[in-house]
Structures are given as structure tokens and as C-alpha cells.
Amino acid sequence: MLTPLYIIPARGGSKGIPRKNIKPLAGRPLIDYAVTQARDAGSDDRHIILSTDDAEIAQVARAFSHLRVDYMRPAELATDTAGSREVIIDAMDYADQQGITYDCVVLLQPTSPLRTAADITNALALFEQHQPDMVVSVVEAASNPYYNCFETDSQSGFLHISKGDGLYTRRQDAPKAWEYNGAVYVINPKAIRQWPLGKFPRRIPIEMPRNRSIDLDTPTDWLVAEALIAQLNDNQL
């Protein structure tokens, strides 16, 4: 059985939704969703690392989620230009220094609060079965490059289909296209030390439904998430 290291990235700066990582969503700080989901997927707290540069975010995680937060992200990795790879590797280095052993890294972005523990464990099962560079959660793309996604010709300025010959007349006949939904990344530790995430040669998708693929980036996204959580709670009653 795999022993994952869960990394929850939550820097203090946020322009689209100020202080979003500790903003209450349906009565809970946003950060608590990711912590709870990691626990529900079977993790002990020693294998959950909150990667934040912000003392208030760390304190909310301690007070509300009862998570021990000993690691703080270096300031140089808390800028708008800091890459996910560097953030992950720094947290891995901390885990290594602490003697925390793990077989894979699970990145849980707080901005995907509607993922479930089952989404995580299903992704882990795929990773254990195939041992790829990464298993990543996806949703069917809103625009399909074979059907309704276009580019502008650099010479004529006219639109042309992004991919293929443009002869598909029904979306369901076109090859499916996927987009990352930001919810679950199960990463091979050796692979991320060798390549950036976008250059992994062996990536396996795991599909999530659109109604749980919300990625909080704007105030409108937040309102949609509140409504979806209310709807999901009503359906469970």
C-alpha cells in the first residue's frame, strides 16, 4: 500500500479573492477542506504538509483544523512567479529532513474544495497500478480543438479549426479533449526532481464530474461553489 505525502499549497498573497485560503466557504475556512480530505483519504497528520508563508493561514489551520504546522514556506517561493515544482520540492526536502517516508506526493490545492476522499484514493489506486510520472484529475474540456476551438491564421487573419480537418459536425463524434481541473495531482517523487510537471512523459488522467471541478479564482467562482455545496448537501439529506 502506498504512503503518500500530502502537500497543501496556501500562500498568503491572493489577488482574485483576497485572503481566500482562510475565507469561510459554507462556514469553514477554505484551507480546512483540503486538510479534511487528506485525512479522509487515510493520511495521518505527519504526512500532511501545509506549505504557507503566511502566519495567519498557519494559525487558522492549527486552530480550526487542528493541524500541526511546523514548516513555513520560504519567502522566495511565495511570490506570483514561484513555480509549483519548486514549492513541492522544498516541502519534499523538509519531509526528507524530518525522516518522513513516502512513495508519492499528493498535491491538494485548496481552491478545489469539492473534490472528495474517493477522488484522491481512486487517483492513488491508478498511480499504484501503473507507476506513472503523474496521475492528474481532469474534466472534459469546455472547448474541443477538433470541434469548436479555433485559431487565427497568422497570414490571413481568418479563423481555422485548432486541430484536425474541421469536418466534425457533432461534438460527440470528435475525439474527447481534457483539461486539468486542479483538484488532485499524484506525483512520482523521482519524476518531479527530474522534470517540470508540464514535461512529464507519462501522465494518466482520472475524470471528475464538472459539478465538482470548480477551481476558485474569482468572486463569481466563490458564489458558484457556495451554491454547489448547498445543492450537494441537499442531495445528501
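These remarks concern the structure in this document. What you see as residue numbers is a count from 1 along each chain, following the sequence as written. Owing to the predicted nature of the model, reporting of local features is limited to residues with pLDDT of at least 70; listing and counting of side-chain atom pairs is limited to 80 or more, with chain, interface and lining totals taken over all residues. To obtain the side-chain values, all non-hydrogen atoms of the structure were included, while hydrogens and water were left out.

1. A few points about the pattern of salt bridges
- By salt bridge we mean one thing: a side-chain nitrogen of Lys or Arg within 4 Å of a carboxyl oxygen of Asp or Glu. Scanning the entire structure with this criterion turns up 10 salt bridges.
- Ionic pairing is found between Asp119 and Arg212, a salt bridge with its closest N-O pair at 2.5 Å. With a gap of 93 residues between them, Asp119 in helix α4 (residues 117–130) and Arg212 in the loop between β10 (203–207) and α6 (219–236) connect regions that are remote in the sequence.
- The partner of Arg170 in a salt bridge is Asp173, and the shortest N-O contact between them spans 3.0 Å.
- Buried, partly exposed and exposed residues are distinguished by accessible area as a fraction of the type maximum, computed with a 1.4 Å probe on protein chains only: under 20%, between the cut-offs, and over 50%, respectively. Judged by relative accessible area, Asp173 falls into the partly exposed class, the value being 39%.
- By sharing partners, the salt bridges in this structure join Arg19, Asp54 and Glu56 into a single network. A run of DSSP states H or I qualifies as a helix once it reaches four residues; a run of E qualifies as a strand once it reaches two. Both are numbered from the N-terminal end.

2. Considerations on α4
- For a helix, the expected span equals 1.5 Å multiplied by the number of residues minus one. Helix length check: α4, at 14 residues, gives a terminal C-alpha distance of 20 Å against a target of 20 Å (1.5 Å per residue), a fit within 8%.
- Three or more residues of α4 are buried, namely Ala117, Asp119, Ile120, Ala123, Leu124 and Phe127. Buried residues of α4, viewed axially, fall in a sector of 160°; they line one side.
- Note on contacts: a residue pair is in contact if any heavy atoms of the two residues lie within 4.5 Å. Elements that come into contact with the buried residues of α4 comprise β1 (4–9), α1 (30–40), β5 (104–107), β6 (134–140), β9 (178–187) and β10. Think of the arc as the fan of directions from the helix axis to the C-beta atoms.

3. Brief notes about the environment of Tyr6
- By secondary structure assignment, the location of Tyr6 is in strand β1.
- Sequence separation between Tyr6 and Ala91 is 85 residues, and the spatial gap between their C-alpha atoms is 9.6 Å.
- If we skip the residues at most four places from it in the chain, Tyr6 touches Ala38, Ala41, Ser43, His47, Ile48, Ile49, Val106, Leu108, Ile120 and Leu124.

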